[in-house]
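So you can see what is in the structure, the chains are spelled out below.
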Amino acid sequence: MTYKHAYNGSCHCENITLTFRSDKPVHELPPRECSCSFCQRHKGKYISDPDGCLELNIKDNDLVNRYRFGHKTADFIICKNCGVFVASLCDIDGNTHAVLNIRTMPDYEFSGTPVTNNYGAEDKGDRLARRAKNWIGRVVINSI
Ligand SMILES: [Zn+2]
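These numbers come from a predicted model, not from an experiment. (Residues numbered from 1 in each chain as written. Predicted model: local features only at pLDDT ≥ 70, side-chain atom pairs only at ≥ 80, totals over all residues. Heavy atoms only, no water.)

Participant: What exactly am I supposed to notice about the coordination of the zinc ion here?
Facilitator: In an ideal tetrahedron of four donors about a metal, each angle is 109.5 degrees. In an ideal octahedron of six donors, the angles are 90 or 180 degrees. Protein coordination at the zinc ion comes from Cys11 (SG), Cys13 (SG), Cys79 (SG) and Cys82 (SG), with a distance range of 2.2 to 2.4 Å. Note that the zinc ion binds four donor atoms; their angles at the metal cover 102 to 118°, and the shape is tetrahedral. For the zinc ion, all donor residues lie on one chain, and their spacing in sequence is C-x1-C-x65-C-x2-C. Remark: Cys79 occurs in strand S7 (residues 75-79) and Cys11 occurs in the loop between strand S1 (5-10) and strand S2 (16-22); sequence separation between them is 68 residues. (Donors = N, O, S within 2.8 Å, 3.2 Å for Na, K, Ca; no water. Tetrahedral: all angles 85-135°; square planar, octahedral: opposite > 155°, others 65-115°. Helix = DSSP H or I, 4+ residues; strand = E, 2+ residues; numbered from the N terminus.)

Participant: Where do I start with the nonpolar core in this structure?
Facilitator: Soluble globular proteins: nonpolar side chains tend toward being buried together. Of all hydrophobic cores here, the largest spans 23 residues; its most connected members are Ile16, Phe20, Ile47, Leu54, Leu100 and Met105. Among the elements of the structure, S2, strand S5 (53-58), S7, strand S8 (85-92) and strand S9 (95-101) are those that each provide at least two residues to this core. Other than its neighbours up to four places away in sequence, Phe20 contacts His5, Ala6, Tyr7, Leu29, Ile47, Ser48, Asp49, Gly52, Cys53, Leu54, Leu100 and Ile136. Counting residues in hydrophobic clusters, the runner-up holds 13 residues, among them Phe85, Cys90, Tyr119 and Trp135. (Core = buried A, V, L, I, M, F, W, Y, C linked by side-chain atoms within 4.5 Å. Buried < 20%, exposed > 50% of the residue type's maximum accessible area, 1.4 Å probe, protein only. Contact = heavy atoms within 4.5 Å.)

Participant: Hey, could you run me through the pattern of salt bridges in this one?
Facilitator: Two side chains bearing opposite charge may form a pair once their charged atoms approach each other closely. Per the stated rule, a full pass over the model turns up five salt bridges. In this structure, Arg130 engages Glu122 in a salt bridge whose closest nitrogen and oxygen atoms are separated by 2.6 Å. Each member of the pair, Arg130 as well as Glu122, carries the same accessibility label: buried. (Salt bridge = Lys/Arg side-chain N within 4 Å of Asp/Glu carboxyl O.)

Participant: Hey, could you run me through the packing of aromatic side chains in this one?
Facilitator: One pass over the structure, following the stated rule, counts twelve aromatic pairs. Relative to Phe110, the ring of Tyr7 lies with its centre 5.4 Å away and its plane at 65°, an arrangement referred to as edge-to-face. Of the two residues, Tyr7 is situated in strand S1 and Phe110 in the loop between S9 and strand S10 (115-117); the sequence distance between them amounts to 103 residues. Relative accessible area serves as the criterion here: at 4%, Tyr7 is assigned to the buried category. Each member of the aromatic cluster is reached from another via a ring pair, and the members are Phe38, Tyr46, Tyr67, Phe69, Phe76 and Phe85. The positively charged end of Arg130 is found above the aromatic ring belonging to Tyr119, 3.5 Å away from the centroid. (Phe/Tyr/Trp six-rings, centres within 6.5 Å; stacked < 30°, edge-to-face > 60°. Lys NZ or Arg CZ within 6 Å of the ring centre and 35° of its normal.)

Participant: Where do I start with helix H2 (residues 124-134) in this structure?
Facilitator: For an α-helix, 3.6 residues make a turn, and residues three or four places apart therefore share a direction. Looking at H2, one finds that the buried residues are Arg127, Arg130 and Arg131. For H2, the buried positions fall inside an angular range of 95° around the axis, keeping them on one side. Here the buried face of H2 lies against S8 and S9. Between the side-chain oxygen at the start of H2 and the backbone nitrogen of Gly125 there is a gap of 3.1 Å, and the oxygen is on Asp123. (Arc of directions from axis to C-beta. Polar contact = N/O pair within 3.5 Å; in protein donor to acceptor, adjacent residues only side chain to side chain.)

Participant: Before we go on, may I ask you to explain the sheet that holds strand S11 (residues 138-143) in this structure?
Facilitator: Pairing between sheet strands relies on hydrogen bonds along the backbone, with the strands arranged either parallel or antiparallel. One open sheet holds the four strands; their spatial order is S1-S2-S5-S11, and the pairing between them is mixed. The open sheet terminates on both sides in strands that have one partner only, identified here as S1 and S11. Averaged over neighbouring strand pairs, the angle between their axes works out to 15° when direction is ignored. One ladder, built from six bridges, connects S2 with S5; its direction is antiparallel. Looking at the pairing, Thr19 lines up with Glu55 of S5. (Pairing = 2+ DSSP bridges. Axes fitted to C-alpha atoms, helices over the stretch in contact; angles between N-to-C directions.)

Below is the structure:
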């Protein structure tokens, strides 16, 4: 499958590098913020495209933390070496979905109308349904 755009990013030490492919240009990828206590601490800003593809390339898997909290339905991928929070992954019906932290991609000006969301009222089913619809629908994890 080919996409019009490929966006590259990484954690600070480059143990985790990534390519996000999408047909959308930067101005059609509005960053979203989340009001949860984890995202506020990281000042994470997220993009996703359900028709896009996220490729994560991991050098040393022992240096990757998969942090879980709350409903424990998502893995927050954090590099243990440099501390950068890269992406959240969620398995739904055998398929992995993702949102990407644009803090890992300083080379691009993602824009559009920023949105701050408060997902606190969602139950587990609401949350998985929202992710299945909105998050990046294809995730590939490579060991390099
Ligand atoms: Zn790192």
